[in-house]
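One-letter residues, chain by chain:
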Amino acid sequence: MKRIAVMTSGGDSPGMNAAVRGVVVRAENIGVETIGIYNGYEGMMEGRFKKLTMKDVDDVMHRGGTVLHSARSERFKTKEGQQDALDQLKAQGIEGLVVIGGDGSYKGALALQEAGISVIGLPGTIDNDIYGTDFTIGYDTAVNTAMEAVDKIRDTASSHLRTYVVEVMGRDAGDIAIECGLAAGAESILIPEIETPMEECIERVERAYRRGKKHSIVIVAEGVASGGEVADQIAQAVDVEVRVTVLGHIQRGGNPSCFDRLLATKLGSEAVNMLAEGESGYALGRQNNRLSKRKLSETGEDVNPRVLEEKKEKLTLAKQCAI
Ligand code: F6P
């Protein structure tokens, strides 16, 4: 294999740059040329390609966002769009492709694989919602960002004896909500995968004040409801001032954590090894502390029962540990 390409797609996540760096450095070390595709599948269809060398990635490991830019593309979902993309890849002599992105990006990757391009997918999303990997690139940074934000909110919440409802990202997954809620000692954590009755959430807020706590924190994953909706229900039931904070895209930015840089580097490097050895059609990840690979065609499956069980355990722990 002489020439591969790398791209980032969908919502950006901290560590995507480290993954791009991992690909470029490993490829150059084994004599393979890397082409960067800018702006995701949109850029692929438009031929926005540029050769990348180690020099292009010598200062990106620690940066958030993606130097290759990213996009969500409707046009690429069409047959015509995919044909344009294939024509561009073939014209550039690209034999292998590394796609760094989430579920939607994997669907595009699978379409290209089925059309004859050798593709490896790397899980780049803050949502931690990719089947077949315990962690996605960017999740660790995002959950730490959310936790630090909640720490700050607690300071002001305590000063004013208020309840704060903090809405976090995650699309249909509650991973950011659970872990940041647990680490920040939230009274209640609402996630889409496991329903918590509103009465229970309200009771936990009341109980915190009864026990002498000066504030109360409720974390709500965006896939459940808006922070405002939850806050309204609490305010109607409890005699306390309630405020809402939507953390939003702050969770997608910032320098990647050490964990995300290492994960991204290992996966980027391994993606090149696999392409060079003629393996393709896989999504890479990390499971039980080891590198894992799963067929791209299997990544869209429903929530893994083991993952659901772990989420239940974490919610139970959060309840047992909240004051
Ligand atoms: O998938 C990452 C994510 O940040 C989700 O958590 C969120 O629902 C979505 O992307 C937001 O997308 P956009 O940046 O297009 O508003």
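Everything quoted here is computed from the prediction, not taken from an experiment.

Draft legend 1. View of empty space enclosed by the protein. Applying the stated criterion across every chain, the model contains one cavity of 30 Å³ or more. Looking at the largest cavity, its volume works out to about 60 Å³. If you trace the largest cavity, you find it lined by A186, E187, S188, I189, T196, E200, L315, A318 and K319. When residues of the lining of the largest cavity are traced back to their parent elements, those giving at least two are β7 (188-190) and α10 (305-321). With three residues, α10 is the single largest residue contributor to the lining of the largest cavity. Residue composition of the lining of the largest cavity, grouped by class: four nonpolar, two polar and three charged.

Draft legend 2. A look at the sheet that holds strand β4 (residues 96-101). Pairing in this open sheet of seven strands is mixed, and the strands run β3-β2-β1-β4-β5-β10-β11 from one edge to the other. The open sheet terminates on both sides in strands that have one partner only, identified here as β3 (49-52) and β11 (290-295). The average angle at which neighbouring strand axes cross in this sheet is 30 degrees, direction not considered. Note that strand β5 (residues 118-123) and strand β10 (residues 282-287) share two bridges and pair parallel.

Draft legend 3. Looking closely at the packing of helix α7 (residues 198-210) against helix α8 (residues 227-237). In the contact formed by α7 and α8, the axes pass within 10 Å of each other and the chain directions differ by 60 degrees. Classified by the angle their axes make, α7 and α8 are oblique. Considering only the axes of α7 and α8, their crossing is right-handed. Contacts from M198, C201, I202, V205 and E206 in α7 reach V230, Q233, I234 and A237 in α8.

Draft legend 4. Region of interest: the side chain of R286. By the secondary structure assignment, R286 is in strand β10. Among buried Asp, Glu, Lys and Arg side chains, R286 stands out as unpaired, with D134 the closest opposite charge at 6.3 Å.

Draft legend 5. Quick look at the site of the ligand. In the region of the ligand, the neighbouring residues are R72, T125, I126, D127, M169, G170, R171, E222, H249 and R252. Between the ligand and H249 there is a distance of 2.8 Å, counted from an oxygen atom to a side-chain nitrogen or oxygen. When the ligand is considered free in solution it has 400 Å² of accessible area, and contact with the protein chains removes 75% of it. For the shell around the ligand, the per-class residue count stands at two nonpolar, three polar and five charged.

Draft legend 6. Focus on the UniProt feature "domain: Phosphofructokinase" (unreviewed entry) in the chain. The sites that UniProt annotates as "domain: Phosphofructokinase" (unreviewed entry) are residues 3-275. Regarding residues 3-275, the helix share stands at 44% and the strand share at 17%, and the terminal C-alpha atoms are separated by 10 Å.

Draft legend 7. A look at unusual backbone geometry. You will see that N39, though not glycine, has its phi angle at about 70 degrees, which is positive. As for its position among the elements, N39 is in the loop between β2 (33-37) and α2 (40-46). Positive phi outside glycine occurs at H69, with the angle close to 60 degrees. For H69, the position within the fold is in the loop between β3 and α3 (79-91).

Draft legend 8. Spatial organisation of the domain arrangement of the chain. Domain parsing of the chain yields domain 1 (3-138 + 256-302) and domain 2 (140-252). Relative to domain 2, the C-alpha centre of domain 1 lies at a distance of 34 Å. Contacts between the two partners involve 14 residues from domain 1 and, on the opposite side, 11 residues from domain 2. Among the residues of domain 1 in contact with domain 2, D12, I126 and D127 are the three that bury the most area, contributing 45% of the side total. Between domain 1 and domain 2 we count two salt bridges in total. A salt bridge links R171 to D127, with the shortest nitrogen-to-oxygen separation between them at 3.9 Å. Run the count over domain 1 and domain 2 and you get nine residue pairs in polar contact (both at pLDDT 80 or more). In the side of domain 1 that touches domain 2, the residues fall into four nonpolar, five polar and five charged.

Draft legend 9. Just the pattern of salt bridges, in detail. A full pass over the atoms with the stated rule returns 18 salt bridges. In this structure, D12 engages R252 in a salt bridge whose closest nitrogen and oxygen atoms are separated by 2.7 Å. Placement of the pair is D12 in the loop between β1 (3-8) and α1 (16-29) and R252 in the loop between β9 (242-246) and α9 (258-276), with a sequence separation of 240 residues. Note on D12: relative accessible area 21%, which makes it partly exposed. A single salt-bridge network, built from bridges that share partners, covers R3, E33 and K51.

Draft legend 10. Molecular detail of the state of the cysteines. Here the structure, examined in full by the defined rule, presents zero disulfides. C180 takes part in no disulfide bond, and the closest cysteine sulfur, belonging to C201, lies 14 Å away. Here C180 falls in the buried class, since its relative accessible area comes to 1%. Note on C321: no disulfide assigned, nearest cysteine sulfur contributed by C180 at a separation of 15 Å. Given the relative accessible area of 52%, C321 is considered exposed.

Cut-off values and rules
- Residues numbered from 1 in each chain as written.
- Predicted model: local features only at pLDDT ≥ 70, side-chain atom pairs only at ≥ 80, totals over all residues.
- Heavy atoms only, no water.
- 1 Å grid on protein atoms, 1.4 Å probe; cavity = no way out; pocket = protein on both sides within 12 Å on 5 of 7 lines; lining within 4 Å.
- Points joined across faces, edges and corners; volume = space filled by probe spheres on them.
- Helix = DSSP H or I, 4+ residues; strand = E, 2+ residues; numbered from the N terminus.
- Nonpolar A, V, L, I, M, F, W, Y, C, P; charged D, E, K, R; others polar.
- Pairing = 2+ DSSP bridges.
- Axes fitted to C-alpha atoms, helices over the stretch in contact; angles between N-to-C directions.
- Parallel < 35°, antiparallel > 145°, perpendicular 65-115°, else oblique.
- Left-handed = near helix turned anticlockwise from the far one by under 90°.
- Contact = heavy atoms within 4.5 Å.
- Buried < 20%, exposed > 50% of the residue type's maximum accessible area, 1.4 Å probe, protein only.
- Lys, Arg positive; Asp, Glu negative; His and termini not counted.
- Salt bridge = Lys/Arg side-chain N within 4 Å of Asp/Glu carboxyl O.
- Near = heavy atom within 4 Å.
- Polar contact = N/O pair within 3.5 Å; in protein donor to acceptor, adjacent residues only side chain to side chain.
- Areas by Shrake-Rupley, 256 points an atom, 1.4 Å probe, with all protein chains shown as cover.
- UniProt positions renumbered as here; feature names shortened; annotations may be inferred.
- Domains from an automatic or database assignment.
- Buried area = accessible area lost by both parts, 1.4 Å probe.
- Disulfide = S-S within 2.5 Å.

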